[in-house]
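# Coordinate inspection notes
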Amino acid sequence: MSSDLAKLYYFHGRGRVQQSRWAMAAAKIPFTNVCLSTSAEFAQLCEVPGKLSYGQVPMLELPDGQCLSQSMAIVRHATRVGELYGTGHEEAARVDEVLEGIQDARGPIISFPFMNAQEACSRLHGSVQRFFPCFEALIERNASPPYAVGTALTIADVLLAELVHSTLEALTATFGDEAGSQVLGPFPKCRAVHAHVLALPEITQFMNGPNWFAFPAGQVGKDYVRNVQTVLN
Ligand SMILES: N[C@@H](CCC(=O)N[C@@H](CS)C(=O)NCC(=O)O)C(=O)O
């Protein structure tokens, strides 16, 4: 079945689809979320040939009915549609270099609701110490602040902003307002990318619209974990 709007299938929360949502918003692709609530809904999706290529969500259903799995394939599709891959092959390769670093750094954000919050933050802190100096060096090398690659916005900036944002949310939810600025204080270039991306009208609209889900801490996190466990049974 097709409709005017692209549909992102996932659970009632962030998880592995959150980067796709930021990418779709930055690329100005209108979309809606289809949030699974029951294992029957998931089983039904799995049974339709061509819907879930890997028997997994996230999945993006395009308005013409075509379905695309794998969160980073969805991110890259939105990136190409929104022309956020930089200019030329070399910049695209540099964008990928940042994206893959973000994937390596982002594990503790994904596992956050499934762990004790303090332990999750300790892992997150380790990840920040390991990867944020690298992001700072990449932005420095690019020499066109605040951008990580080239002289205009790319998906590298958007997903770096998402990582900074989620990190701040995790630390603030666990240790209070000061914690985020303390941990991210030594990384002004990453914070500048974050500020720049958050000021974009399409991102402001996304963050204040129906496609925005709260960070999965506290009760939100517990509800999300229950939802995932129910659906995956
Ligand atoms: N590499 C995939 C991983 C997707 C994934 O692990 N999805 C999980 C939910 S977060 C899932 O659908 N698991 C069900 C299963 O594997 O049976 C992506 O990034 O999209």
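For the structure, check the block above.
Residues numbered from 1 in each chain as written. Predicted model: local features only at pLDDT ≥ 70, side-chain atom pairs only at ≥ 80, totals over all residues. Heavy atoms only, no water.

## Some points on the overall build of the protein chain
Across its full length, the protein chain holds eleven helices and four strands. Scaling as 2.2 N^0.38, a compact globule of 233 residues should have a C-alpha radius of gyration of about 17 Å, and the protein chain matches this with 18 Å. Taken over the C-alpha atoms alone, the protein chain extends approximately 50 × 45 × 30 Å along its principal axes. Burial statistics for the protein chain: of 233 residues in total, 51% are counted as buried. Of all intrachain contacts in the protein chain linking residues separated by at least 6 positions in sequence, the fraction that spans at least 24 positions is 69%. (Helix = DSSP H or I, 4+ residues; strand = E, 2+ residues; numbered from the N terminus. Rg over C-alpha atoms; globule rule 2.2 N^0.38 Å. Buried < 20%, exposed > 50% of the residue type's maximum accessible area, 1.4 Å probe, protein only. Contact = heavy atoms within 4.5 Å.)

## Quick look at helix α4 (residues 88–105)
Here α4 is 18 residues long and its end C-alpha atoms lie 26 Å apart, about the 26 Å a rise of 1.5 Å per residue gives. Here α4 has its buried residues at A92, V95, V98, L99, G101, I102 and A105. (Expected span 1.5 Å × (residues − 1).)

## Section: the environment of M207
Its location among the elements puts M207 in helix α10 (residues 201–207). Overall, the relative accessible area of 16% leaves M207 in the buried class. For the pair formed by M207 and A26, sequence separation is 181 residues and the distance between their alpha carbons is 11 Å. With residues near it in sequence (within four places) discarded, M207 still touches W22, H165, L198 and W212.

## Brief notes about the site of the ligand
Near the ligand the following residues occur: Y10, F11, R16, G55, Q56, V57, P58, Q70, S71 and L232. Note that a nitrogen atom of the ligand is positioned 2.7 Å from one of the backbone N or O atoms of V57. Contact between the ligand and S71: an oxygen atom at 2.6 Å from a side-chain N or O atom of the residue. Calculation on the ligand without its partners gives an accessible area of 510 Å², and the protein chains cover 68% of this total. Here the residues of the shell around the ligand sort into five nonpolar, four polar and one charged. (Near = heavy atom within 4 Å. Polar contact = N/O pair within 3.5 Å; in protein donor to acceptor, adjacent residues only side chain to side chain. Areas by Shrake-Rupley, 256 points an atom, 1.4 Å probe, with all protein chains shown as cover. Nonpolar A, V, L, I, M, F, W, Y, C, P; charged D, E, K, R; others polar.)

## What about the sheet that holds strand β4 (residues 67–69)?
With mixed pairing, the four strands of this open sheet are ordered in space as β2-β1-β3-β4. The open sheet terminates on both sides in strands that have one partner only, identified here as β2 (31–35) and β4. Taken over all neighbouring pairs, the strand axes of this sheet differ in orientation by 25° on average, direction set aside. Packing of helix α1 (residues 18–26) onto the sheet brings it into contact with β1 (6–10), β2 and β3 (59–61), and relative to β1 it is tilted by some 165°. (Pairing = 2+ DSSP bridges. Axes fitted to C-alpha atoms, helices over the stretch in contact; angles between N-to-C directions.)

## Some thoughts on the nonpolar core
Of all hydrophobic cores here, the largest spans 75 residues; its most connected members are W22, F132, F135 and I155. Sequence-distant contacts of I155, defined by excluding residues within four places in its chain, comprise A23, V75, T79, L84, V95 and L99. (Core = buried A, V, L, I, M, F, W, Y, C linked by side-chain atoms within 4.5 Å.)

## Regarding the pattern of salt bridges
The final tally for this structure, using the stated rule, is nine salt bridges. Ionic pairing is found between E169 and R14, a salt bridge with its closest N-O pair at 2.7 Å. One end of the pair, E169, is in helix α7 (residues 155–175); the other, R14, is in the loop between β1 and α1, and 155 residues separate them in sequence. According to the relative accessible area criterion, E169 is buried, its value standing at 19%. Residue R14 is classed as buried on the basis of its relative accessible area of 5%. Measuring nitrogen to oxygen at the nearest pair gives 3.5 Å for the salt bridge that ties D223 to R226. (Salt bridge = Lys/Arg side-chain N within 4 Å of Asp/Glu carboxyl O.)

## So, the packing of α4 against helix α6 (residues 117–142)
Running from amino to carboxyl end, α4 crosses α6 at an angle of 165°, the nearest separation of the two axes being 10 Å. When the axes of α4 and α6 are compared, the pair comes out roughly antiparallel. Handedness of the α4/α6 crossing: left-handed. Judged by residue contacts, R94, E97, V98, G101, I102, D104 and A105 of α4 engage S127, F131, F135, L138 and R141 from α6. Of the residues assigned to the contact of α4 with α6, the class counts are six nonpolar, two polar and four charged. (Parallel < 35°, antiparallel > 145°, perpendicular 65-115°, else oblique. Left-handed = near helix turned anticlockwise from the far one by under 90°.)

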